[in-house]
Amino acid sequence: MTRKKKRTQTKKKISRKSKAGKSGTGRTSSSYKYLILQLFVISLLCGTAYVVWLNHRVTSEFEGKRWSLPARVYARPLELYIGATITKNELSKVFNSLAYQHVASLHGPGQYHKQANSIRFISRNFDFWDRREQSKRIQIEFLAGKIQSITDETNAKQLVIFRLEPQLIGKIYPEHNEDRVLVPYDEVPVFLVEALVAVEDRHFYRHFGIDLKGILRAMISNITSGGLRQGGSTLTQQLVKNYFLTRERTFRRKINEVIMAVLLERHYSKAEIMSAYINEIYLGQHGARGVHGFGTAAEFYFSRPLNELKNDEIALLVALVRGASYYNPRKHPDRALKRRNLILNLMQQQGYLSTAEANKEIARPLKISEKPSWSSAKYPAFLDLVRRQLQKNYQTEDLRNEGLRIFTTLNTRYQDIVEQSVQKRLASLEKRKQLSTGTLQAAGVITSVETGEVLVLVGGRNKNSNDFNRALDAIRPIGSLVKPAVYLTALMQADKYNSLTLIEDKPVSLKQYDGSAWEPENYDNKTHGNVALHTALSKSYNLATVNLGLKLGLNKGVKTLHALGIEAEIPEYPSLLLGSLNLSPLQVTQMYQTLASGGFQVPLRTIKEVLDKDGKPLQRYGLELKQTVESKSAFMIRHLLSEVASSGTARSIAARMPGSLPLAGKTGTTNELRDSWFAGFGDDVLGVIWLGRDDNQSSRLTGASGALQLWIDIMQGLRPRPLSFITPEGIEWANILHDQRVQDDCLHAVAYPFVQAYLPDISGTCQNDVIQKFIQEKNIQDIKVERKDDKNESNKATINKHFNIH
Amino acid sequence: MIKTNLIKLLSTSILIFINLFFSACSTTSERNVPVEDRSATISSQQDTGNETNLVTNTEKEPESIQENIVPGDSRRQESIIAQSTSPVALAFLEDADKYTTEGDSDRAVASLERGLDIEPKNPWLWNRLASERLKQKMWAKAITLAKKSNAFASGHNQLQKDNWQIIAQARTALGDKVGARKAKEMVERFSTEKT
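Only a predicted model underlies this, so the values are computations on that prediction, with no experimental measurement involved. (Residues numbered from 1 in each chain as written. Chains lettered and ligands numbered in written order. Predicted model: local features only at pLDDT ≥ 70, side-chain atom pairs only at ≥ 80, totals over all residues. Heavy atoms only, no water.)

**Side note on the overall build of chain B**
Formally: Runs of E in the DSSP output that reach at least two residues are strands. Runs of H or I that reach at least four are helices, and both are numbered from the N terminus. Accessibility here uses a 1.4 Å probe with only protein chains present; expressed as a share of the type maximum, an area under 20% marks a residue as buried, one over 50% as exposed, and anything in between as partly exposed. The contact criterion used is simple: two residues touch if any of their non-hydrogen atoms lie within 4.5 Å. Each accessible area is a Shrake-Rupley result for a 1.4 Å probe, and residues are judged covered by the shown protein chains and nothing else.
Scanning chain B for helices and strands turns up ten helices and zero strands. Overall, chain B shows an N-to-C arrangement of helices and strands of α-α-α-α-α-α-α-α-α-α. Here chain B holds 195 residues, and 47% of them are scored as buried. Pairs at least 24 residues apart make up 53% of the contacts formed inside chain B by residues separated by at least 6 positions. As displayed, chain B offers around 10200 Å² of accessible surface, 54% of which is attributable to carbon and sulfur atoms.

In structure tokens:
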């Protein structure tokens, strides 16, 4: 090879090498670019997919959102009608319980004003089952403790009746324990929207979900401080945070929040977003329950609906947005007040309030209700019964989440009277019987005689406790409360028994299964020979009752108890005749309900209507009744029970409530005075009271010395109507003196009802004849009446005239 | 070649991104507002809400009530309303009549039961409730309610007669011929007895 050829080859080699070197460098730079591009594309795709997923989440959850709303439980509404027995002060208390404001002059719903003999008020709108009661301006005039007139001041019309909205007494909460009162957007006060915009998001109506300037400002602050210190969050972002995300303060969450806020604004209007915000935002804590939304917060802090709040009150709620715990007005009133005033100043600066208006609002003191008016701790025993009755028709989930509106039969006025009476009387009894405080317990049920509605339920002496509900679950022997069933069984055999039929109050000895003898005794340890049926019941003679019951047959007595509404299994033992039958106070009430209503069994109920969250009627629990005891017998036993109250074991009623007679009832005492019972009624209300001890030791109280006294305390507050005796077909009244029928014009005789077909013959001598003869013989000119309780002067004249004394 | 492929890939990706972005931001035609809207419910109730709180309207012609009542009831309703002495009970009876003429039996019953909360022993309210249940073909309930009315209707022969008429009709519907006959006998009896 020549040198020239070698040089050329070398040059070619060098040239190839240099070319190879160039393409190796070229290959490296291309690879990097390709990699970067790949990464960019992949990131783009991933980012897009993520945004798509967030978008799906936003739309599906926001649109599909059904807030879990607690069920709202209402007491019975107060009906104001001409002649209703209610005083001005009692009505004021009702208004206070409904969180009406007492004002000097009326301006809006939820306000009242007291005058000399009248009250004026503006009611709230309320949707009842049957109709909406519109807000009205009403004047009620009182006279002698009753309503004299009701005027609709809007059109100067006289009304016969007016129905107030019912008191909210409790809620049944969702499992996540969020409390919420939904407020439709068109009912949101304008001031609230303005306050939120002014304080939280000035550019709300201009931005697209995020406020870039605000974010920039916050970013700079956070970078310089090294953490998340400042928020530039819009209302939309806050809503997203509350609605979809957790409270963690991380960049990742922030990014999600920003993207979702933009997407939310893309899909929904400003009004929809604002409305959701107003109903979602967390504003406090009530025990284990979160207070969500301004509607709930208005009730929680002010016990009033949102649309009744004044501007300073709305400003306070807005203050809570930044920290419901930090600015809690109950725990940190100074802080809350300061923040509220800051907000009011801010609103003035931004032109929502004039200077004068702002100053006026700032000058108002902080006025928070002590606790929510609907605290479910208020009537736990009654709500317990409501829940049990509801669960027969509704799933627990529906009760907790569907926002049902449940209208009950509770009379809060009566309930408060009963609870106060229980506290007072138990303390007094413990003192008298030298028992330590808290030893005695009580349970009570008050119902409407004809409709079976439960007006009051007391489960124990601690009214706010959720513990053992004695009214429903204390199954106790009922003692002599069983006796009316025995005597009713007798009266059903009108051909054999009436009020005068003599029955034997003589010793009984029966062999028991174990060979021992059952030998009951009377309370006074005496026997009384042959006694009239009415006397045996009135004095509650044990021996007479056992003898009568055994003669009638235990199975018949059991049948009567079932007819009276006892569904529990009843053992057919002779001791049943003296009340060896365990029932709860509620079950006893059911039994006496049938007696009080003249033989018509009316199932006891606590619920009247259920509406859905929109006010649409779902279910109505109407009046149900069936006649299970024939009317004549029912009438006669009712009359005999009035004798128990006037002169029998419950004669304390006659002594303490003479103006309310006739009333009726029966005392009950169990062995060793473990249980003290009384069941009694007037024309309109029935009350059953149990006193005893949870440890089943002796209460040292009979039915008369314990439960009866409490019953009277209660009835003095409730003022029941005296019994009316509307004589049914087939009943005739006859005058009785010394357990014998006497002539009709006999002065000292007492009228008793009898079945017409079996009216006893006249067999007694009227004292009149004897006295008349005596007067003539002695030439008596005047008779002075010395009866202790006879204060009526006209009676003396009557007596003189009767005996032809001039 | 590689360049060309890369450019194609990039442009495709961008196109996909744009499509996805716009699809993500698109709205659906129907959606549910998450917040409850009661305005429709409220306005639909407003019509019946105007006549709240029973008013003694003396200008109201009794005949206007009669014209709309089911035939056979007109004479009964007129005499019953005329005899009722309580303005509160009268107001609820008139309210029930109004609902009955509108064909709303449930509200008529609710009104009567509301009246019974206040006057539980008013025999006219019980009678009217029995009559309403009879119209609803709740035979057993109608019988019980009519008997309940009778328990308080002593001395009101016309009312007792009406109650026994209800009982007779209900028993007939239940196939209780014997019971229906007995009820009719009672109707006759109260037709001849003077009040």
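From this point on, the discussion continues.
**Considerations on the overall build of chain A**
From N to C terminus, chain A includes 25 helices and 34 strands. By residue count, 55% of the 806 residues in chain A fall in the buried class. Carbon and sulfur atoms form 51% of the exposed surface of chain A, whose accessible area is close to 36900 Å².

**So, the packing of aromatic side chains**
Residues and elements named next belong to chain A. To be explicit about the condition: A pair of aromatic rings is counted whenever rings of Phe, Tyr or Trp (Trp by its six-membered ring) have centres within 6.5 Å, and the orientation is called stacked for planes under 30 degrees apart, edge-to-face for over 60 and tilted otherwise.
Tallying each qualifying case throughout the model produces 18 aromatic pairs over all chains. The interplanar angle of 35° and the centroid separation of 5.8 Å between the aromatic rings of Y50 and W53 together place this pair among those described as tilted. Taken as a pair, Y50 and W53 lie in helix α1 (residues 3-63) at a separation of three residues, close to a single helical turn. Y50 sits in the partly exposed class, given a relative accessible area of 29%. Taking the centre distance of 6.4 Å and the plane angle of 40° together, the rings of F128 and F407 count as tilted. Residue F128 is located in the loop between β6 (126-127) and β7 (132-133), and its partner F407 is located in strand β16 (residues 405-408); the two are separated by 279 residues in the primary sequence. Considered together, F128 and F407 belong to a single accessibility category, that of buried residues.

**Topic: the packing of helix α3 (residues 190-200) of chain A against helix α9 (residues 311-319) of chain A**
All names here are of chain A. The condition is simple: Fitted lines through C-alpha atoms give the axes, limited to the stretch in contact for helices. The angle between two N-to-C directions lies from 0 to 180 degrees. Roughly parallel means an angle under 35 degrees; roughly antiparallel means over 145; roughly perpendicular covers 65 to 115; every other angle is labelled oblique. Handedness of a crossing follows from how the near helix is turned relative to the far one, being left-handed for an anticlockwise turn of less than a right angle and right-handed for a clockwise one. As a working rule, the residues Ala, Val, Leu, Ile, Met, Phe, Trp, Tyr, Cys and Pro are called nonpolar, Asp, Glu, Lys and Arg charged, and the rest polar, with Gly in that last group.
Running from N to C, α3 and α9 point in directions that differ by 45°, and their axes come no closer than 10 Å. Taken together, α3 and α9 sit at an angle that is classed as oblique. Taken as a pair, α3 and α9 cross one another with a handedness that is right-handed. Contacts between α3 and α9 involve F191, L192, A195, L196 and V199 from the former and N311, I314, A315 and V318 from the latter. Residues that form the contact of α3 with α9 fall into these classes: eight nonpolar, one polar and no charged.

**Observations regarding the pattern of salt bridges**
Residues and elements named next belong to chain B. The cut-off we apply is this: Definition used for salt bridges: Asp or Glu carboxyl oxygen within 4 Å of a side-chain nitrogen of Lys or Arg.
Counting across every chain of the model gives 55 salt bridges over all chains. The partner of R181 in a salt bridge is E185, and the shortest N-O contact between them spans 4.0 Å. With R181 and E185 both in helix α10 (residues 177-192) and four residues apart, this pair spans about one turn of that helix. Judged by relative accessible area, which is 49%, R181 ranks as partly exposed.

**Considering the confidence of the model for chain A**
Where we set the bar: The predictor attaches a confidence to each residue, called pLDDT, with possible values from 0 through 100.
Averaged over every residue, the pLDDT of chain A is 87; the share at 70 or more is 87%. Contacts for the low-pLDDT stretch residues 17-25 of chain A, under 50 throughout, to residues beyond four places or in other chains number zero contacts.

**With respect to the nonpolar core**
For clarity, the cut-off: We call a set of buried Ala, Val, Leu, Ile, Met, Phe, Trp, Tyr and Cys residues a nonpolar core when their side-chain atoms join them within 4.5 Å.
Grouped together as the largest cluster of nonpolar side chains are 123 residues, with contacts concentrated most on A:I406, A:L457 and A:Y487. Ignoring any residue separated from it by four or fewer positions in sequence, one finds A:Y487 in contact with A:I503, A:L533, A:A536, A:L537, A:Y541, A:A544, A:T545, A:L548 and A:I637. Of all hydrophobic cores here, the second largest spans 61 residues; its members include A:F121, A:I140, B:L134 and B:A146.

**What to know about unusual backbone geometry**
Residues and elements named next belong to chain A. Here the bond from L661 into P662 is cis, since omega is 0°, no more than 30 degrees from zero. Mapping P662 onto the fold places it in the loop between α22 (652-656) and β29 (664-669). Of note in this structure, A144 is not a glycine but carries a positive phi near 50°. Position of A144 relative to the elements: it lies in the loop between β8 (137-143) and β9 (146-152). A relative accessible area of 78% places A144 in the exposed class. With a phi close to 60°, N525 is a non-glycine residue in the positive phi region. Residue position: N525 is located in the loop between β22 (517-518) and β23 (529-532).

**So, empty space enclosed by the protein**
Spelled out, the test is: A 1.4 Å probe that fits into a set of points on a 1 Å grid over the protein atoms alone but cannot get out defines a cavity; an open set with protein on both sides within 12 Å along at least five of seven lines defines a pocket, and lining residues are those with an atom within 4 Å of a point. Grid points are joined across faces, edges and corners, and a volume is the space filled by probe spheres set on the points.
Within the structure shown, the criterion is met by five cavities of 30 Å³ or more. Of the volumes computed, that of the largest cavity is approximately 210 Å³. Along the wall of the largest cavity there are 16 residues; nearest its centre are A:G598, A:F635, A:I726, B:A151 and B:F152. Listed by contribution, the elements that provide at least two residues to the lining of the largest cavity are α21 (631-647) of chain A together with α8 (139-151) of chain B. With four residues, the top contributor of residues to the lining of the largest cavity is α21(A). Computed from the structure, the second largest cavity encloses a volume of approximately 40 Å³.

**A word on the sheet that holds strand β18 (residues 454-458) of chain A**
Residues and elements named next belong to chain A. As a reminder of what qualifies: Pairing between strands is defined by DSSP: at least two bridges between the two strands are required.
Pairing in this open sheet of five strands is antiparallel, and the strands run β18-β17-β31-β30-β29 from one edge to the other. At either end of the open sheet lies a strand with only one pairing partner, and these are β18 and β29. The average angle at which neighbouring strand axes cross in this sheet is 10°, direction not considered. Summarising the sheet, β29 and strand β30 (residues 675-681) pair through six bridges and their orientation is antiparallel.

**Overview of the sheet that holds strand β12 (residues 168-172) of chain A**
All names here are of chain A. With mixed pairing, the five strands of this open sheet are ordered in space as β12-β1-β16-β26-β27. Because the sheet does not close on itself, it has two edges, and the strands there are β12 and β27 (617-620). Taking each pair of neighbouring strands and ignoring which way they run, the sheet shows an average axis angle of 20°. Taken strand by strand, helix α12 (residues 380-390) contacts β1 (71-74), β12, β16 and β26 (607-611), and its axis lies near 50° from that of β12.

**Section: the pairing of strand β32 (residues 731-737) of chain A**
All names here are of chain A. Within β32, five of the seven residues are buried, leaving the element largely enclosed by the surrounding structure. With six bridges connecting them, β32 and strand β34 (residues 750-755) associate as antiparallel partners. Looking across to β34, one finds that I731 is bridged to V755. Relative to strand β33 (residues 740-741), β32 runs antiparallel, the two sharing two bridges. Following the sheet pairing, I736 is matched in β33 by R741. The antiparallel pairing of β32 with β33 creates a hairpin that spans two residues between the two strands, and H738 there sits at a positive phi of about 50°.

**Some details on the environment of A:F95**
Residue and element names in this part refer to chain A. Mapped onto the fold, F95 is located in helix α2 (residues 88-97). Between the alpha carbons of F95 and Q423 there is a distance of 24 Å; along the sequence they are 328 residues apart. The residues touching F95, leaving out its near neighbours within four places in the chain, are Y100, Y112, I119, F121 and L164.

**A look at helix α7 (residues 123-135) of chain B**
Three- or four-residue spacings in an α-helix give side chains the same orientation, since the helix completes a turn every 3.6 residues. Residues and elements named next belong to chain B. The criterion, for reference: In this scheme, a helix's expected span is set at 1.5 Å multiplied by one less than its residue total.
The first and last C-alpha atoms of α7 sit 18 Å apart over 13 residues, in line with the 18 Å expected at 1.5 Å per residue. Of all 13 residues in α7, twelve are buried; the element is thus mostly enclosed. When we look at burial in α7, the residues that qualify are P123, W124, L125, W126, N127, R128, L129, A130, S131, E132, R133 and L134. Phi for K137, located one or two positions after α7, is positive at around 65°.

**Some words on the packing of α9(A) against helix α10 (residues 333-349) of chain A**
All names here are of chain A. For the pair α9 and α10, the least separation of the axes is 8 Å and the interaxial angle reads 110°. The orientation of α9 with respect to α10, classified from their angle, is roughly perpendicular. Between α9 and α10, the residues in contact are D312, A315, L316, V318 and A319 and A336, R339, R340, I343 and L344, respectively. Considering only residue class, the contact of α9 with α10 consists of seven nonpolar, no polar and three charged.

**Side note on the side chain of A:Q111**
Relative to the assigned elements, A:Q111 resides in strand β4 (residues 111-114). Sequence-distant contacts of A:Q111, that is, excluding residues within four places in its chain, are made with A:Y100, A:Q101, A:V103, A:S105, A:L106, A:R120, A:F121 and A:I122.

**A few points about the confidence of the model for chain B**
Residues and elements named next belong to chain B. Residues with a pLDDT of 70 or more make up 55% of chain B, whose mean pLDDT is 71. This stretch, residues 22-75, has a pLDDT under 50; its non-local contacts, to residues over four places away or in other chains, come to 86 contacts. Reported for the predicted complex are a pTM of 0.78 and an ipTM of 0.79.

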